[in-house]
Amino acid sequence: MSTLFSKIINGELPCNKIAEDDNFLAFLDVNPNAVGHTLCIPKQEINKLFDLEDNFYIDLMLFAKKVAFALEKTIPCKRIGMAVIGLEVPHAHIHLIPLNDMNEMRFENKVSMTQNEFEDLAFAIRMNLNPA
């Protein structure tokens, strides 16, 4: 049975895409802790982050780092936090969360955004991935 994230990868469900390559996908979380909350996932359906092969794990971290730099250029924040929880979807993923306060990492307070706000934000972050 494919996961929610596999359905996003396969185009069966929509997402606000930030970045993509042959192995990984980054998209805005639909239930964000903060504006810009982004998920980085491997396209290969693997349940747990630490079950990734070593080189693939390192490549995912480098992919997430690139996305984090673009987030930091786009979202006014003190830093980009990273969390790996993995209980809500059985597909390895990294949360990148723009932070101004420690409470934004608690997964208790959420922000609401319209679909237009998600789309505009995803576009702005993409523009900061590879600035000219």
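Going by the structure above, here's the rest.
Just so you know, these numbers come straight off a predicted model, no measurement behind them.

**Section: the overall build of the protein**
Next, step 1: Counting its secondary structure elements, the protein contains 3 helices and 5 strands.
Next, step 2: Ordered by position in the sequence, the α and β elements of the protein form the string α-β-β-β-α-β-β-α.
Next, step 3: Taken against the 2.2 N^0.38 rule, which gives 14 Å for 132 residues, the C-alpha radius of gyration of the protein at 14 Å falls within 12% of a compact globule.
Next, step 4: Dimensions of the protein along its principal axes, counting C-alpha atoms only, are 35 × 35 × 30 Å.
Next, step 5: Summarising the internal contacts of the protein: among those between residues at least 6 apart in sequence, 57% fall at separations of at least 24.
Next, step 6: With an accessible surface of roughly 7700 Å², the protein has 51% of that area assigned to carbon and sulfur atoms.
Next, step 7: Across the protein, the centroid of the 12 positively charged side chains sits 4 Å from that of the 18 negatively charged ones.

**What about helix H2 (residues 54-74)?**
Next, step 1: The end-to-end C-alpha separation of H2 is 30 Å, in line with the 30 Å expected for 21 residues at 1.5 Å each.
Next, step 2: Within H2, burial applies to Phe-56, Leu-60, Phe-63, Ala-64, Val-67, Ala-68, Ala-70, Leu-71 and Thr-74. Buried residues in H2, looked at end-on, bunch into an arc of 165 degrees, giving them a common side. Across from the buried face of H2, at angles greater than 90 degrees, the exposed residues are Asp-54, Asn-55, Leu-62 and Lys-73.
Next, step 3: Residues of H2 that are buried make contact with strand E1 (17-20), strand E2 (24-28), strand E3 (38-42), strand E4 (79-83), strand E5 (94-99) and helix H3 (115-127).

**Thoughts on the layout of surface pockets**
Next, step 1: Space inside the largest pocket adds up to approximately 260 Å³.
Next, step 2: Around the largest pocket sit 19 residues that line it, and Leu-4, Phe-5, Asp-29, Val-30 and Leu-39 are the ones nearest its centre.
Next, step 3: Only helix H1 (4-9) and E2 provide two or more residues apiece to the lining of the largest pocket.
Next, step 4: Here the lining of the largest pocket gets 3 residues from one element, more than from any other, and that element is H1.
Next, step 5: A per-class count over the lining of the largest pocket returns 12 nonpolar, 4 polar and 3 charged.

**A word on the sheet that holds E2**
Next, step 1: If you walk across this open sheet you meet the 5 strands as E1-E2-E3-E5-E4, and the pairing is antiparallel. Both outer strands of the open sheet, E1 and E4, are each paired with one neighbouring strand and no more. Put simply, the sheet's adjacent strands are angled 20 degrees from each other on average, direction ignored.
Next, step 2: Examined bridge by bridge, E2 and E3 share 5 bridges and lie antiparallel to one another. Residue pairing in the sheet places Leu-25 in a bridge with Ile-41 of E3.
Next, step 3: Packed onto the sheet, H2 meets E1, E2, E3, E4 and E5 and runs at close to 160 degrees relative to E3.
Next, step 4: Where H3 meets the sheet, its contacts fall on E1 and E2, and the angle it forms with E1 comes to roughly 35 degrees.

**Re the state of the cysteines**
Next, step 1: Overall, the coordinates contain 0 disulfides when judged by the stated rule.
Next, step 2: The thiol sulfur of Cys-77 is not disulfide-bonded, and the nearest other cysteine sulfur, from Cys-40, lies at 14 Å.
Next, step 3: Using a relative accessible area of 19% as the deciding quantity, one classes Cys-77 as buried.

**Thoughts on the nonpolar core**
Next, step 1: Of all hydrophobic cores here, the largest spans 29 residues; its most connected members are Ile-18, Cys-40, Val-67 and Leu-96.
Next, step 2: Contributing elements (two or more residues each) for this core: E1, E2, H2, E5 and H3.
Next, step 3: Counting residues per element, this core draws most heavily on H2, which supplies 8 residues.
Next, step 4: Discounting residues that sit within four places of it in the chain, Leu-96 has contacts with Gly-36, His-37, Thr-38, Cys-40, Ala-64, Val-67, Ala-68, Leu-71, Ile-80, Gly-81 and Met-82.
Next, step 5: Grouped together as the second largest cluster of nonpolar side chains are 7 residues, Phe-5, Ile-8, Leu-25 and Ile-41 included.

The rules behind each value
Residues numbered from 1 in each chain as written. Predicted model: local features only at pLDDT ≥ 70, side-chain atom pairs only at ≥ 80, totals over all residues. Heavy atoms only, no water. Helix = DSSP H or I, 4+ residues; strand = E, 2+ residues; numbered from the N terminus. Rg over C-alpha atoms; globule rule 2.2 N^0.38 Å. Contact = heavy atoms within 4.5 Å. Areas by Shrake-Rupley, 256 points an atom, 1.4 Å probe, with all protein chains shown as cover. Lys, Arg positive; Asp, Glu negative; His and termini not counted. Charge placed at Lys NZ, Arg CZ, Asp CG, Glu CD. Expected span 1.5 Å × (residues − 1). Buried < 20%, exposed > 50% of the residue type's maximum accessible area, 1.4 Å probe, protein only. Arc of directions from axis to C-beta. 1 Å grid on protein atoms, 1.4 Å probe; cavity = no way out; pocket = protein on both sides within 12 Å on 5 of 7 lines; lining within 4 Å. Points joined across faces, edges and corners; volume = space filled by probe spheres on them. Nonpolar A, V, L, I, M, F, W, Y, C, P; charged D, E, K, R; others polar. Pairing = 2+ DSSP bridges. Axes fitted to C-alpha atoms, helices over the stretch in contact; angles between N-to-C directions. Disulfide = S-S within 2.5 Å. Core = buried A, V, L, I, M, F, W, Y, C linked by side-chain atoms within 4.5 Å.

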